[in-house]
Amino acid sequence: MYPVLFSILAVCMALFAFFVRMKAMQKPASVKKILIPPIAMSTGFMMFLYPPVREITLFEVGEALTVGMLFSIILIKTSAFEIRGNDIFMKRSKAFPFILFGLLAVRLIFKLVFGIYFEYEVLAGMFFILAFGMIVPWRIAMYAKFKDMERQLQARNHTNQTELTVQT
């Protein structure tokens, strides 16, 4: 019963994340919007206060972090920014829905395959660590890309200001 319920909830959360992400792309990006998600997500580590979740070994933590970092490469490669007017926006990626739902499918398959070997609490903790290991490198890379675009925007605005001064 629980595996089916959690799988349905995972699909609902993926759909919610997809729609939130698409809506967010219509508004300018900011450092705050890039850095808050991993900081807010870090509160999830409180799940490890619950004794059954603490049964994760250091090896399993390392595995989850490694897989998360490998998955983050896909997100890093498909995330880009563009300058529109005087603002910086996330570029729409045609691959994003496929990546999101592909990661969900991989997660569900892992859950079905490894669910017989691990307690659900341990598996939940491992997936959290995997997700955290994925979001942190992705957001750090996004921050670096955003700062690069910000420098380009400032250089462009400085060039435009200089041209206006020279013309007058």
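So, how was this worked out
Residues numbered from 1 in each chain as written. Predicted model: local features only at pLDDT ≥ 70, side-chain atom pairs only at ≥ 80, totals over all residues. Heavy atoms only, no water. Patch = residues over 30% accessible without salt bridge, like charges linked within 9 Å, V, L, I, M, F, W, Y side chains within 5 Å. Areas by Shrake-Rupley, 256 points an atom, 1.4 Å probe, with all protein chains shown as cover. Salt bridge = Lys/Arg side-chain N within 4 Å of Asp/Glu carboxyl O. Lys, Arg positive; Asp, Glu negative; His and termini not counted. Charge placed at Lys NZ, Arg CZ, Asp CG, Glu CD. Buried < 20%, exposed > 50% of the residue type's maximum accessible area, 1.4 Å probe, protein only. Core = buried A, V, L, I, M, F, W, Y, C linked by side-chain atoms within 4.5 Å. Helix = DSSP H or I, 4+ residues; strand = E, 2+ residues; numbered from the N terminus. Contact = heavy atoms within 4.5 Å. Axes fitted to C-alpha atoms, helices over the stretch in contact; angles between N-to-C directions. Parallel < 35°, antiparallel > 145°, perpendicular 65-115°, else oblique. Left-handed = near helix turned anticlockwise from the far one by under 90°. Nonpolar A, V, L, I, M, F, W, Y, C, P; charged D, E, K, R; others polar. Pairing = 2+ DSSP bridges.

K.L.:
Help me understand a positive patch on the surface, please; the structure alone is not making it clear to me.
P.N.:
A cluster of basic residues, K23, K27, K32 and K33, forms a positive patch on the protein surface. The class of K32 is exposed, set by a relative accessible area of 59%.

K.L.:
Even after reading the chapter, I still don't get the nonpolar core, so can you show me in this structure?
P.N.:
Where a protein is soluble and globular, its nonpolar side chains tend to be buried together. Core analysis: the largest hydrophobic core is formed by 31 residues, its most contacted members being F48, I56, F81, I88, M142 and F146. Among the elements of the structure, α1 (2-24), α3 (58-78), β2 (87-90), α4 (96-114) and α5 (120-167) are those that each provide at least two residues to this core. Once residues lying within four places of it in the same chain are set aside, the contact partners of F146 are A29, S30, V31, I34, F81 and I88.

K.L.:
How do you make sense of a nonpolar patch on the surface when you look at a structure like this?
P.N.:
Taken together, the side chains of I109, L112, V113, F114 and Y117 present a nonpolar region at the surface, about 540 Å² in accessible area. Tracing the backbone shows L112 in helix α4. Note on L112: relative accessible area 64%, which makes it exposed.

K.L.:
For this particular structure, what's the right way to read the packing of α3 against α4?
P.N.:
In helix packing, the relevant descriptors are the interaxial angle and the interaxial distance, both defined with respect to the helix axes. Where α3 meets α4, the closest approach of the two axes is 11 Å, and the angle between their N-to-C directions is 165°. Regarding the angle of α3 to α4, the classification is roughly antiparallel. As for the relative orientation of α3 and α4, their crossing is right-handed in sense. Taken together, the residues of α4 that come into contact with α3 (itself represented by V67, F71, I74, L75 and T78) are I99, L103, V106 and F110. Taken together, the residues of the contact of α3 with α4 sort by class into 8 nonpolar, 1 polar and no charged.

K.L.:
I'm lost on the pairing of strand β1 (residues 81-84) in this one. Help?
P.N.:
A regular strand carries its side chains on alternate faces of the sheet. With 4 bridges joining them, β1 and β2 adopt antiparallel strand pairing. For R84, the partnering residue across the bridge sits in β2 and is D87. Linking β1 back to β2 in an antiparallel pair, the connection comprises 2 residues, with G85 at a positive phi of about 65°.

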